[in-house]
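Reading the structure
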Amino acid sequence: QVQLVESGGGLVQAGGSLRLSCAASGRTFSNYAMDWFRQAPGKEREFVAAIPRSGGSTLYADSVKGRFTISRDNAKNTVYLQMNSLKPEDTAVYYCAAENGGWITKVARYWGQGTQVTVSS
């Protein structure tokens, strides 16, 4: 079992930045690829970004490419999502997730509780 706790959400103006953090506990964090997903009101949850266990090649949704950066610190059992040039359409609950293995599949096994990000225009 992996427990995930997100933090760093909040209210920001369009064009601003936020950094989300996700602290993991339980099983060995460095064994898992880590993802960020988001869910806007009335919409389905969607993939945002992923990073393999080694922190190598990352993957992004087209809608955030060039604006968001995922990273991880295996020594701190933490994954981050740096969000720049935020847009109102980025408003959503953001979820951290751990996959079932070390490579990116975009299929989450463990989920955090989510953190709200609101971007005002």
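Provided above is the structure to which this section pertains.
Keep in mind it's a predicted model, so treat the numbers as computed, not measured. (Residues numbered from 1 in each chain as written. Predicted model: local features only at pLDDT ≥ 70, side-chain atom pairs only at ≥ 80, totals over all residues. Heavy atoms only, no water.)

Take the overall build of the protein chain next. Counting its secondary structure elements, the protein chain contains 0 helices and 11 strands. Scaling as 2.2 N^0.38, a compact globule of 121 residues should have a C-alpha radius of gyration of about 14 Å, and the protein chain matches this with 13 Å. Across its three principal directions, the C-alpha atoms of the protein chain cover 40 × 25 × 25 Å. Expressed as a percentage of the 121 residues in the protein chain, the buried residues total 45%. Of the roughly 6,100 Å² that the protein chain leaves accessible, carbon and sulfur atoms contribute 47%. One finds the centroid of the 13 positive side-chain charges in the protein chain at a distance of 5 Å from the centroid of its 9 negative side-chain charges. (Helix = DSSP H or I, 4+ residues; strand = E, 2+ residues; numbered from the N terminus. Rg over C-alpha atoms; globule rule 2.2 N^0.38 Å. Buried < 20%, exposed > 50% of the residue type's maximum accessible area, 1.4 Å probe, protein only. Areas by Shrake-Rupley, 256 points an atom, 1.4 Å probe, with all protein chains shown as cover. Lys, Arg positive; Asp, Glu negative; His and termini not counted. Charge placed at Lys NZ, Arg CZ, Asp CG, Glu CD.)

This next bit is on the nonpolar core. Ranked by size, the top nonpolar core spans 35 residues in total, and within it L4, M34, W36, V79, L81, M83 and Y94 carry the most contacts. Counting residues per element, the ones that place at least two in this core are β1 (2-7), β3 (18-26), β4 (34-39), β5 (46-51), β7 (68-73), β8 (78-83), β9 (92-99) and β11 (115-120). Ignoring any residue separated from it by four or fewer positions in sequence, one finds V79 in contact with L20, S21, C22, F29, M34, W36, I51, I70, S71, R72 and C96. (Core = buried A, V, L, I, M, F, W, Y, C linked by side-chain atoms within 4.5 Å. Contact = heavy atoms within 4.5 Å.)

Looking now at the packing of aromatic side chains. Applying the stated criterion to the full structure yields 4 aromatic pairs. Centroid distance F37 to W111: 5.0 Å. Interplanar angle 55°. Geometry classified as tilted. Of this pair, F37 sits in strand β4 while W111 sits in strand β10 (residues 108-111), and the two are 74 residues apart along the sequence. Residue class for F37 comes out buried when judged on its relative accessible area of 8%. Seen from their ring centres, Y95 and W111 are 6.3 Å apart, and the 85° between their planes marks the pair as edge-to-face. One end of the pair, Y95, is in strand β9; the other, W111, is in strand β10, with 16 residues separating them in the sequence. A relative accessible area of 35% places W111 in the partly exposed class. Taken together through their ring pairs, the aromatic side chains of F37, F47, Y95 and W111 make up a single cluster. Above the plane of the ring of Y95 lies R45, whose end atom (NZ or CZ) is 3.9 Å from the centre. A cation over an aromatic ring shows up here: R45 above the ring of W111, its NZ or CZ 4.4 Å from the ring centre. (Phe/Tyr/Trp six-rings, centres within 6.5 Å; stacked < 30°, edge-to-face > 60°. Lys NZ or Arg CZ within 6 Å of the ring centre and 35° of its normal.)

Time to look at the pairing of β8. The element β8 is extensively covered by neighbouring structure, given that 5 of its 6 residues are classed as buried. Between β7 and β8, which pair antiparallel and follow one another directly, the connecting turn spans 4 residues, one of which, N77, has a positive phi of 55°. (Pairing = 2+ DSSP bridges.)

For A75, the location among the structural elements is in the loop between β7 and β8. What makes A75 exposed here is its relative accessible area of 75%. Distance from A75 to C22, taken between C-alpha atoms, is 13 Å for residues 53 residues apart in sequence.

Counting through the fold element by element, E99 comes out in strand β9. Notably, E99 is buried but unbridged: the nearest opposite-charge side chain belongs to K106, and the N-O separation is 8.8 Å. Reaching out from E99, the side chain makes a polar contact with the side chain of T105 at a distance of 2.6 Å. (Salt bridge = Lys/Arg side-chain N within 4 Å of Asp/Glu carboxyl O. Polar contact = N/O pair within 3.5 Å; in protein donor to acceptor, adjacent residues only side chain to side chain.)

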